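Coordinate analysis (summary)
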Amino acid sequence: MGFSTTAIHAGNEPDTATGAVSVPIYQTSTYAQESLGKHKGFEYARTQNPTRSALERNIAALENAKFGYAFASGMSAIDAVLKLVKSGDHVILGDNTYGGTYRLFAKILVNYGVEFDLVDTSDVNLVEAAFRPNSKMVFVETPTNPVMSVTDLAAISKLAHANGAKVVCDNTFMSPYFQRPIEHGVDIVVHSTTKYLNGHSDSVGGFVALNDEQDAEWIKFVQNSVGAILSPFDSFLVLRGTKTLAIRMEAHDRNGRIVANFLAEHPKVQKVYYPGLSGHPQHELASRQQSGFGGMVSFETGGLDNAKTVLENVKLCTLGESLGGVETLISHPATMTHASVPEETRSKLGITDGLIRISVGIEDVEDIIADLDQALG
Ligand SMILES: *Cc1c(COP(=O)(O)O)cnc(C)c1O
């Protein structure tokens with residue numbers, strides 16, 4: 001079955017009670033039991049909810065995974081996956097992952113004896129050199145935020161498996177429409193559904209997709225034990241969002257390419273970070289691993305004053321954190337999303353004061369270009 005057919009039908013079977021074509025929002029905390037120990041498979045809504053399980057079947061199918069679990073946020077999904085590691089275990093963490101992921105390791109997991117090293121995972125040799133006898137997991141994001149560095153998922157997976165470690169990939173930027181990490185050998189995929197999967201900037205959520213039955217049982221156990229579940233209403237919103245994922249991603253990609261090319265030719269722009277440009281250091285890998293390049297574009301304006309001028313003069317592009325919605329969002333990583341990353345690390349990664357990130361929306365692209373052009377002018 002094709003991607004769009006799966007997106008529209010997986011988990012979306014007509015409701016068995018009424019025939020409702022759209023999966024209802026089962027806004028209930030508990031379920032009536034017929035007699036002691038006899039029920040319809042639903043006991044309490046932290047443990048099971050039909051709207052949530054519809055979404056779980058849906059996104060698992062899109063990621064080509066056997067199992068899927070929906071969480072209250074991308075961070076709670078990532079936290080659940082990190083409950084697969086124990087005190088004394090070592091994790092190889094991409095050096096340019098989402099700031100919240102870094103914070104989870106640096107400020108919380110270290111208190112529980114989890115060791116980690118930050119590694120530029122776009123370089124397979126550096127990953128190889130980082131393995132220790134206690135390395136149990138490699139956690140990567142590709143492309144990264146905001147400098148769009150690309151990691152070779154097949155190469156990293158092969159290496160990790162040879163060293164007895166699992167690979168986790170945060171697939172938020174590409175969505176399963178453009179990249180399915182499990183098909184490249186990755187063990188576990190995580191998402192912030194807040195971004196492209198929901199796609200309308202009106203819900204916060206997270207997702208874990210995987211094939212290993214034992215790990216899936218554990219993730220499900222964590223989901224129920226900790227309780228950071230996605231609500232029925234948010235599950236409904238994301239389920240509604242994924243029905244149009246394919247056409248939205250096509251539009252983000254089309255506009256993203258046009259905006260990246262426009263910026264690359266603009267005299268006031270010093271550098272553009274977009275894997276779809278032939279000058280991107282991993283353009284060839286990105287073309288192989290992803291079926292599109294998406295709508296995330298970053299560019300260097302040369303300094304804080306220049307960045308400020310652009311950010312304060314855009315009219316259509318909305319200044320704000322987050323990404324992946326239908327509307328174009330523009331942000332300043334150094335003071336917004338990456339403010340908690342130490343300055344030294346920021347400059348090493350290329351997150352300068354002059355860097356601007358755009359989540360290119362699906363408006364008419366001429367309007368986005370005109371807005372950027374007048375702000376840059
Ligand atoms: C937003 C984001 C997260 C965190 O997700 P929340 O839903 O905000 O908790 C994790 N990874 C990436 C790549 C993100 O963009």
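Residues numbered from 1 in each chain as written. Predicted model: local features only at pLDDT ≥ 70, side-chain atom pairs only at ≥ 80, totals over all residues. Heavy atoms only, no water.

**Digging into the pattern of salt bridges**
This structure, assessed with the given rule, holds 12 salt bridges. As a salt-bridge pair, Arg-132 and Glu-115 come within 2.7 Å of each other at their nearest N and O atoms. With Arg-132 in the loop between helix H5 (124-130) and strand E4 (135-141) and Glu-115 in strand E3 (residues 115-119), the pair connects residues that are 17 residues apart, well separated along the chain. A salt bridge links Asp-253 to Arg-257; its shortest N-O distance comes to 2.9 Å. Taken together, the residues Asp-253 and Arg-257, both in helix H10 (residues 245-265) and four residues apart, mark about one turn of the helix. The class for Arg-257 is partly exposed, based on a relative accessible area of 33%. Counted as one network, the salt bridges with shared partners bring together Glu-34, Lys-38 and Lys-40. (Salt bridge = Lys/Arg side-chain N within 4 Å of Asp/Glu carboxyl O. Helix = DSSP H or I, 4+ residues; strand = E, 2+ residues; numbered from the N terminus. Buried < 20%, exposed > 50% of the residue type's maximum accessible area, 1.4 Å probe, protein only.)

**Focus: the packing of H10 against helix H14 (residues 365-376)**
At their nearest, the axes of H10 and H14 sit 10 Å apart, and the two run at 25 degrees to each other. Taken as axis vectors, H10 and H14 run roughly parallel relative to one another. The crossing of H10 and H14 is right-handed. Residues Asn-255, Ile-258, Val-259, Phe-262 and Leu-263 of H10 lie in contact with H14, whose contacting residues are Val-365, Ile-368, Ile-369, Leu-372, Asp-373 and Leu-376. (Axes fitted to C-alpha atoms, helices over the stretch in contact; angles between N-to-C directions. Parallel < 35°, antiparallel > 145°, perpendicular 65-115°, else oblique. Left-handed = near helix turned anticlockwise from the far one by under 90°. Contact = heavy atoms within 4.5 Å.)

**Structural notes on empty space enclosed by the protein**
Taken as a whole and judged by the stated rule, the model has one cavity of 30 Å³ or more. Every residue lining the largest cavity is listed: Gly-94, Asp-95, Asn-96, Thr-97, Gly-99, Tyr-102, Leu-118, His-338, Val-341, Thr-345 and Leu-349. Class assignment of the residues belonging to the lining of the largest cavity gives a composition of four nonpolar, six polar and one charged. Shared between two domains, the lining of the largest cavity holds at least three residues of each, these being domain 1 (3-243) and domain 2 (245-376). (1 Å grid on protein atoms, 1.4 Å probe; cavity = no way out; pocket = protein on both sides within 12 Å on 5 of 7 lines; lining within 4 Å. Points joined across faces, edges and corners; volume = space filled by probe spheres on them. Nonpolar A, V, L, I, M, F, W, Y, C, P; charged D, E, K, R; others polar. Domains from an automatic or database assignment.)

**Description of the domain arrangement of the protein**
Each assigned domain of the protein is listed here: domain 1 (3-243) and domain 2 (245-376). If you average the C-alpha positions of domain 1 and of domain 2, the two centres end up 26 Å apart. With 38 residues of domain 1 in contact, the opposing surface of domain 2 contributes 39 residues. Summed over both sides, the interface between domain 1 and domain 2 buries roughly 3,300 Å², with carbon and sulfur atoms accounting for 59% of that surface. Summed over the shared surface of domain 1 and domain 2, the result is zero salt bridges. Linking domain 1 with domain 2 are 18 residue pairs in polar contact (both at pLDDT 80 or more). (Buried area = accessible area lost by both parts, 1.4 Å probe. Polar contact = N/O pair within 3.5 Å; in protein donor to acceptor, adjacent residues only side chain to side chain.)

**Notes on helix H4 (residues 99-108)**
Every buried residue belonging to H4 is among Gly-99, Gly-100, Thr-101, Leu-104 and Phe-105, and all of these are buried. Buried residues in H4 make contact with helix H3 (74-81), strand E2 (90-94), E3 and E4.

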